[in-house]
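Listed below, chain by chain, are the residues.
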Amino acid sequence: VQLQASGGGLVQAGGSLRLSCAASGRTFSRYAMGWFRQAPGKEREFVVAITWSGGSTYASDSVKGRFTISRDNAKTTVYLQMNSLEPEDTAVYFCAADSRRRSYAGTVSGVYDYWGQGTQVTVSS
C-alpha cells in the first residue's frame, strides 16, 4: 500500500485546510486510517482516525470539535478537514493505514503499518 498525502500549506489562524491521503491498492476499504502530526522538536502525535467501515471516528482532545476525518472508499482517499486552525497546529501531517481490520481505529502510531510521506501545515498568527 502506498499513501500520498497532499493539501498542506500556509494559512492564517482561524482558517481552514483540507488534507487528502490517496491510497493505492484495492483493499483500501479494509484499512483503518489515521492522521498523525509532528512539530519541530516534538514527537509524532495522534490527531484523528477512522475505522475501516467509516462507522467510528476518533480525535485527540487538542483537535476535537475542529478537525474531522472522513473517507471515500470508492476514491480510496481519506480526508482531514481542519477548521479554526491555530498556530499550535503547525506540523508535518502524516496519514497512516492499519491493514489488520480491527474493530477500532488505533490512536497510537504502532498499530499502523503503512505511512505516507507527510505534508506541511503552517498556521500563522
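Residues numbered from 1 in each chain as written. Predicted model: local features only at pLDDT ≥ 70, side-chain atom pairs only at ≥ 80, totals over all residues. Heavy atoms only, no water.

Caption draft 1: Highlighting the nonpolar core. With 28 residues, the main nonpolar core has Met-33, Trp-35, Phe-67, Met-82 and Tyr-93 as its most contacted residues. Of all the elements in the fold, those that place two or more residues in this core are strand 1 (3-6), strand 3 (17-23), strand 4 (32-38), strand 5 (45-50), strand 7 (67-72), strand 8 (77-82), strand 9 (91-98) and strand 11 (119-124). Those residues in contact with Met-82 that sit more than four places away from it in its chain are Gly-15, Ser-16, Leu-17, Leu-19, Arg-66, Phe-67, Tyr-93 and Val-121. Counting 8 residues, the second largest nonpolar core, distinct from the first, contains Phe-46, Ala-49, Val-111 and Tyr-112. (Core = buried A, V, L, I, M, F, W, Y, C linked by side-chain atoms within 4.5 Å. Buried < 20%, exposed > 50% of the residue type's maximum accessible area, 1.4 Å probe, protein only. Helix = DSSP H or I, 4+ residues; strand = E, 2+ residues; numbered from the N terminus. Contact = heavy atoms within 4.5 Å.)

Caption draft 2: The sheet that holds strand 1, seen in detail. Here 4 strands make up an open sheet; going across it, the order is 1-3-8-7 and the pairing antiparallel. On the outer flanks of this sheet lie strand 1 and strand 7, each paired with one strand and no other. Strand after strand, the sheet turns through a mean of 15 degrees between neighbouring axes, direction not considered. When strand 7 meets strand 8, the two strands line up antiparallel, connected through 6 bridges. What sits directly across from Ser-70, in strand 8, is Tyr-79. (Pairing = 2+ DSSP bridges. Axes fitted to C-alpha atoms, helices over the stretch in contact; angles between N-to-C directions.)

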